[in-house]
Amino acid sequence: MDDDTGTLPQKGDFSAWYNDILWRAEIMDVRYPVKGLYVWYPYGFAIRKHVYALLRNLLDRDHEETLFPLLIPEQEFMKEAEHIKGFEDEVYWVTHGGTTPLEVKLALRPTSETAIYPMYALWLRSHADLPMKYYQIVNTFRYETKQTRPLIRLREITSFMESHTVHATWDDAEAQVEYELALTSEFYNALCIPIIISKRPDWDKFPGADYTMAVDSIMPNGKTLQIGTVHHLGEHFSKTFSITFEDKNGEQKFASQTCYGISERCIAALISMHGDDKGLILPPIAAPVQAVIVPITIGKRHADVLAAAEKLKNDLIAAGFRVKIDTRDMRPGAKYYWWELRGVPLRLELGPRDLDAGKVMAVKRTGEKTQIELATVTAEVTRVLAEITGAIRARAEEHTNSHLCTVASMDALDAALNEGKVAVVSWCQQKGCGDVIEEKTNASILGTNARSQYVSATEGACIVCGKPGKATLVGRTY
RNA sequence: GGGGUAGUAGGGUAGCCUGGUCCAUCCUAGAGCGUUUGGGACGCUUUGACGGCGGUUCGAAUCCGCCCUACCCCA
């Protein structure tokens, strides 16, 4: 019997689970016949819509949304040498218009600095124009050579939020980096996804940045997934693209810039962090359907039960919830499994017995059944959804906590990594020692200056050379 | 970057070496009819495929070539 509960692989086999749930829960169809390009199913796209609505709301507090072209002329794209080096192997080029070769090749943006900054140079005149804080949510193209993976490593990133800000001074830009990290923390906290922020080592920073702050989450198998980055660009790009302004003294000055990105990896993290053996578990804030009503229609009570279910739906929708009623000709049990697979946080079962008692059975996706009064149902649903969010967050935090540890030797580091953990070590920040750590453990240095409630930073002797070092995160990455 | 292995209906498989079905097969798959419905219902009827392009051949899922895609392992 229990071997017949469905064919979704166990969450413990994370890779298989992930590949399967994408199509079973109708998030992505991976059968599109081009490598690294995938199709959003309507249900997956609805999840995306709610997640990105949340992101937009946060950004719109003090950014403005814009939209720049997909195509970038070769000469603009080639202006910033360091930047080019970072991307040249990954760029798709448009070389023809119809059958006519183009005189100027056009790059499909792998990221939009070189599309946006020439325009910023035109827009920025005076210190009074600063700061400028704009973002866009677009698709970008990267010719990935490593194995592609839906939502994680794509040749077309379909949902790239990139924010590009301009400031009068380096310090102002630094403050913006901090602000955007706070914004990111708020975003992921709302999605119940625990994060660790750290400063990437120099060899791993964004091409053309002064420094890169990265946001990582720990996946079920212990690998880390980078789900956000904030870069301090200093004056690299403003010098290249002549982004200057006249200050109060009438002098021309180069601006300082930041850029900041979040992609659909946030949805990969959402799915992976919360799901279980039965399927997705969506926090109510991201769920296309927050509560599903399953009418139990038996015998001659069809009409009564359906009418009551309809009223319940309308009451809840009027109260602002996203609710569906499932009247399909299926047995109730089959519907339960169907909605559980899709991660709907709350199921409301309404049958003759409940109706007579003036109650409805509320079943949490996180596993708990309670009866609630129909008379006060909107208040009760509000409370129960909040409890579900709390349970999801607690579980994710427990997972993250239990996958972090502090170690003081290479052997202990190796052991921790092989257990599927992310480790905190002391490192002197010299490239040589960094290489030793990465090569001996077959893992990556995520970064220093860890900021997370899950990491109590320490200083100590470098795990390789013994010189004074800083707390550094080491993990296996996606 | 370097190796493997594979692609057959919505999903899962057999067949391929040794070319020749008018009937491949299983399913939580599609369509239809009926009986059902408080944790994955059942009966009957029925639809549907050999990743793509080219080649060899009287004849190709099967042999050959190129391409595309997927998964796994190792830098």
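What you see is a predicted model; the values in this text were computed from it and never measured. All residue numbers refer to positions counted from 1 along the written sequence of the respective chain. Chains carry letters from A onward and ligands carry numbers from 1 onward, assigned in written order. Given that the model is predicted, a residue must reach a pLDDT of at least 70 before its local features are reported, and side-chain atom pairs must reach 80 or more before they are shown or counted; all residues, however, enter totals for whole chains, interfaces and linings. Each side-chain value is derived from all of the structure's non-hydrogen atoms; neither hydrogens nor water enter the calculation.

1. With respect to the domain arrangement of chain A
- Just so you know, the domain bounds were taken from an automatic or database domain assignment. In terms of domain boundaries, chain A breaks down into domain 1 (2-274), domain 2 (284-387) and domain 3 (404-475).
- Taking only C-alpha atoms into account, the centre of domain 1 sits 27 Å from that of domain 3.
- Residue-level contacts link 17 residues of domain 1 with 18 residues of domain 3.
- In total, about 1,400 Å² of surface goes out of reach between domain 1 and domain 3, with carbon and sulfur atoms giving 62% of it.
- When the buried surface of domain 1 facing domain 3 is broken down by residue, I196, K199 and W203 rank first, second and third, together holding 38% of it.
- Should a side-chain nitrogen of Lys or Arg be within 4 Å of a carboxyl oxygen of Asp or Glu, the pair is scored as a salt bridge. At the surface where domain 1 touches domain 3, the tally comes to one salt bridge.
- The residue E178 makes a salt bridge to R451 at a minimum N-O spacing of 2.7 Å. The contact rule is simple, with two residues in contact once any of their heavy atoms fall within 4.5 Å. Buried area counts how much accessible surface, traced with a 1.4 Å probe, disappears from two parts once they are put together, with both parts' losses summed.

2. Section: the pairing of strand β18 (residues 359-364)
- As paired strands, strand β17 (residues 346-350) and β18 are joined by four bridges and run antiparallel to one another. The residue of β18 that forms the bridge with R347 is V363.
- Where β18 meets strand β19 (residues 368-373), six bridges bridge the pair, whose relative direction is antiparallel. Bridged to K364 within β19 is E368.
- Here, any two strands with at least 2 DSSP bridges between them count as paired. The helix and strand labels rest on DSSP assignments: H or I over at least four residues marks a helix, E over at least two residues marks a strand, and numbering proceeds from the N terminus. Connecting the antiparallel pair β18 and β19 is a turn made up of three residues, with G367 showing a positive phi of about 100°.

3. Concerning the sheet that holds strand β6 (residues 100-108)
- One open sheet holds the three strands; their spatial order is β4-β6-β5, and the pairing between them is antiparallel. Unpaired on one side and paired on the other, β4 (71-73) and β5 (93-97) mark the two borders of the sheet. Each neighbouring strand pair of the sheet contributes to a mean axis angle of 45°, computed without reference to strand direction.
- Of the strand pairs in this sheet, β4 and β6 are connected by three bridges, and their pairing is antiparallel. Counted as the bridge partner of L71 is L108 from β6. With axes taken as lines fitted to C-alpha atoms, and helix axes fitted only over the stretch in contact, angles between N-to-C directions fall between 0 and 180 degrees.

4. With respect to helix α14 (residues 431-441)
- Three exposure classes are used, based on accessible area relative to the maximum for each residue type with a 1.4 Å probe and protein chains only: buried under 20%, partly exposed in between, and exposed over 50%. Residues of α14 that are buried: C433, G434, I437, E438 and T441. Down the axis of α14, the buried set is contained in an arc of 135°. They therefore lie on one face. Relative to its buried face, α14 has exposed residues pointing more than 90 degrees away, namely E439 and K440.
- Check the buried side of α14 and you find it contacts α13 (410-418), β21 (422-427), β22 (444-451) and β24 (468-475).
- Following α14 by one or two positions, N442 adopts a phi angle in the positive range, close to 55°. The arc in question is formed by the directions pointing from the helix axis toward the C-beta atoms.

5. Examining the nonpolar core
- The biggest cluster of nonpolar side chains holds 63 residues, and the ones touching the most others in it are V51, L151, F187 and Y188.
- The greatest single-element share of this core, amounting to eight residues, is contributed by helix α2 (residues 42-59).
- Mapped onto the domain boundaries, this core takes at least three residues apiece from domain 1 (2-274) and domain 2 (284-387).
- When residues no more than four places from it in sequence are discounted, the contact partners of L151 are Y18, L22, I27, M28, W40, E264, R265, I267, A268 and I271.
- Side-chain atoms within 4.5 Å link the members of a nonpolar core, which is a set of buried Ala, Val, Leu, Ile, Met, Phe, Trp, Tyr and Cys residues. Of all hydrophobic cores here, the second largest spans 26 residues; its members include I84, V91, A107 and F206.

6. Let's talk about the state of the cysteines
- Our working definition of a disulfide is a cysteine sulfur pair at a distance within 2.5 Å. Summed over all chains, the structure comprises zero disulfides.
- With no disulfide of its own, C465 lies closest to C462 among cysteine sulfurs, the gap being 3.7 Å.

7. A few points about α13
- Every buried residue belonging to α13 is among M410, L413, A416 and L417, and all of these are buried. Each buried residue of α13 lies within a common arc of 125° when the element is viewed along its axis, so the set occupies one face. Seen from the open side of α13, the exposed residues pointing more than 90 degrees away from its buried face are D411 and N418.
- Of the residues flanking the end of α13, it is G420, one or two places downstream, whose phi is positive at about 85°.

8. Section: the confidence of the model for chain A
- Scored between 0 and 100, pLDDT is the confidence that the predictor attaches to each residue. Put simply, chain A has an average pLDDT of 94, and 98% of its residues get 70 or more.
- pLDDT under 50 marks residues 1-6. Its contacts with residues more than four places away, or in other chains, come to one contact.

9. Let's talk about the packing of aromatic side chains
- Two aromatic rings from Phe, Tyr or Trp, using only the six-membered ring of Trp, form a pair when their centres are within 6.5 Å; if the ring planes differ by under 30 degrees the pair is stacked, by over 60 it is edge-to-face, and anything between is tilted. Scanning the model with the defined rule gives 19 aromatic pairs in all.
- Measuring from centroid to centroid gives 6.1 Å for F14 and W17, while their planes differ by 25°, and the two rings are stacked. In this pair, F14 and W17 are both assigned in helix α1 (residues 14-24), three residues apart and thus about one turn of the helix distant. The two residues F14 and W17 agree in class, both being buried.

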